[in-house]
Amino acid sequence: MKERQNVLVIGANGTTGRMVVDLLAKKSSYYAMGMVRNEEQKATIEQLGGLPVLGNLEEDFSSAYKDVDVVIFAAGSGGNTGPDKTKSVDKEGAIKAIDYAKAHGVKKFIMLSALGAEDPSQLDLDESMEVYYDAKHAADVHLEKSGLTYTIIRPGALTDEDAKGTIRAEEILENRDGDITRADVAAVLVQAVNMDGLNNKAIEILNDETDIITALNRA
């Protein structure tokens, strides 16, 4: 039996992605593989203890999947880009990532999505956010229909505060008021790698008062 799982973090140079790589690299059961767009970004992943691999979501990045067991998709086009970039990264890039995972026999795919992405029509969104939520919804649906074992994590508004270590987590949160730290989102993504109880589920998360593992086990 393989002692360590190779976990590919897509979007590893982003704020949340770097946190995910850092957490994975500190665990002896994982090899953290961080996908970055260019050579200049490799050093960041190495400093975190991860193995950098090159890949651009807007091109063919299937070569990044060599020997990969699990994928964590934490990429995003960012808030300062236009709708074309959102579609090419958050939608088309995510869909390619799922298709490559299926082609390479990846055991599990963990998607970082957004609270409410299961039905964006129920949200009061401006035009720019409509494009973002359309992308997230399309990627989530593609993953659900892919045949892969998956977990979709849908956090609320993200903050840069220190990790709290406590959340509430449900398939659909009754109360969607609140926010969540990026550090806690990263911790949830890492926990999802080996939590079979989260297989083939979409989970909404916000900071609250229950420790992460307990909250996820109850979700």
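Up top is the structure these notes are about.
Summary of the structure given here. Bear in mind that the values here come from a model prediction, so they are computed numbers and not experimental data.

### Examining the pairing of strand S10 (residues 201-207)
On a regular strand, one side chain projects to one face of the sheet and the next to the other, so that they alternate.
(1) Moving on: Most of S10 sits inside the fold, with 6 of its 7 residues counted as buried.
(2) Moving on: When strand S6 (residues 150-155) meets S10, the two strands line up parallel, connected through 5 bridges. Bridge pairing in S10 places Thr151 opposite Lys201.
(3) Moving on: Pairing between strand S8 (residues 166-170) and S10: 4 bridges, direction antiparallel. The residue bridging Glu170 from the neighbouring strand is Glu204, located in S10.

### Points about the packing of helix H1 (residues 15-25) against helix H5 (residues 182-192)
(1) Moving on: Two elements in contact, H1 and H5, have axes whose closest approach is 9 Å; the angle formed by their N-to-C orientations is 50°. Here H1 is positioned oblique relative to H5, judged by the angle of their axes. Like other packed secondary-structure pairs, H1 and H5 cross with a definite hand, here right-handed. Every residue of H5 that contacts H1 at Thr15, Thr16, Met19, Val20, Leu23 and Leu24 is listed here: Arg182, Ala183, Val185, Ala186, Ala187, Leu189 and Val190.
(2) Moving on: Along the lines of polarity and charge, the residues of the contact of H1 with H5 split into 10 nonpolar, 2 polar and 1 charged.

### Some thoughts on the packing of aromatic side chains
(1) Moving on: Scanning the model with the defined rule gives 5 aromatic pairs in all.
(2) Moving on: Ring geometry for Phe61 against Tyr100: centres 4.8 Å apart, planes inclined by 80°, an arrangement best described as edge-to-face. Here Phe61, found in the loop between strand S3 (51-54) and strand S4 (70-73), pairs with Tyr100, found in helix H3 (residues 83-103); they are 39 residues apart in sequence, far enough to count as distant. Each of the two residues, Phe61 as well as Tyr100, counts as buried.
(3) Moving on: When the ring of Phe73 is compared with that of Phe109, the centres are 6.5 Å apart and the planes differ by 20°; the resulting orientation is stacked. Of this pair, Phe73 sits in strand S4 while Phe109 sits in strand S5 (residues 108-112), and the two are 36 residues apart along the sequence. For the pair Phe73 and Phe109, a shared accessibility class is recorded, and that class is buried.
(4) Moving on: Linked through ring pairs, Phe61, Tyr65 and Tyr100 together constitute an aromatic cluster.

### Re a negative patch on the surface
(1) Moving on: Together, Asp124, Asp126, Glu127 and Glu130 make up a negatively charged patch on the protein surface.
(2) Moving on: Take Glu127: it is sitting in helix H4 (residues 127-144).
(3) Moving on: Of the residues examined, Glu127 reaches a relative accessible area of 66% and is grouped as exposed.

### Here's the deal with the nonpolar core
(1) Moving on: Membership of the largest hydrophobic core comes to 35 residues, with the highest contact counts inside it found for Leu24, Ile167 and Ile205.
(2) Moving on: At 7 residues, the largest contribution of residues to this core is made by H5.
(3) Moving on: Those residues in contact with Ile205, other than ones at most four positions away along the chain, are Ile153, Arg154, Pro155, Gly156, Ile167, Arg168, Ala169, Leu173, Ile180, Val185 and Val188.
(4) Moving on: Among the nonpolar cores identified, the runner-up in size contains 28 residues, and Ile10, Val53, Val71 and Ala101 belong to it.

Definitions and limits used
Residues numbered from 1 in each chain as written. Predicted model: local features only at pLDDT ≥ 70, side-chain atom pairs only at ≥ 80, totals over all residues. Heavy atoms only, no water. Buried < 20%, exposed > 50% of the residue type's maximum accessible area, 1.4 Å probe, protein only. Helix = DSSP H or I, 4+ residues; strand = E, 2+ residues; numbered from the N terminus. Pairing = 2+ DSSP bridges. Axes fitted to C-alpha atoms, helices over the stretch in contact; angles between N-to-C directions. Parallel < 35°, antiparallel > 145°, perpendicular 65-115°, else oblique. Left-handed = near helix turned anticlockwise from the far one by under 90°. Contact = heavy atoms within 4.5 Å. Nonpolar A, V, L, I, M, F, W, Y, C, P; charged D, E, K, R; others polar. Phe/Tyr/Trp six-rings, centres within 6.5 Å; stacked < 30°, edge-to-face > 60°. Patch = residues over 30% accessible without salt bridge, like charges linked within 9 Å, V, L, I, M, F, W, Y side chains within 5 Å. Areas by Shrake-Rupley, 256 points an atom, 1.4 Å probe, with all protein chains shown as cover. Salt bridge = Lys/Arg side-chain N within 4 Å of Asp/Glu carboxyl O. Lys, Arg positive; Asp, Glu negative; His and termini not counted. Charge placed at Lys NZ, Arg CZ, Asp CG, Glu CD. Core = buried A, V, L, I, M, F, W, Y, C linked by side-chain atoms within 4.5 Å.

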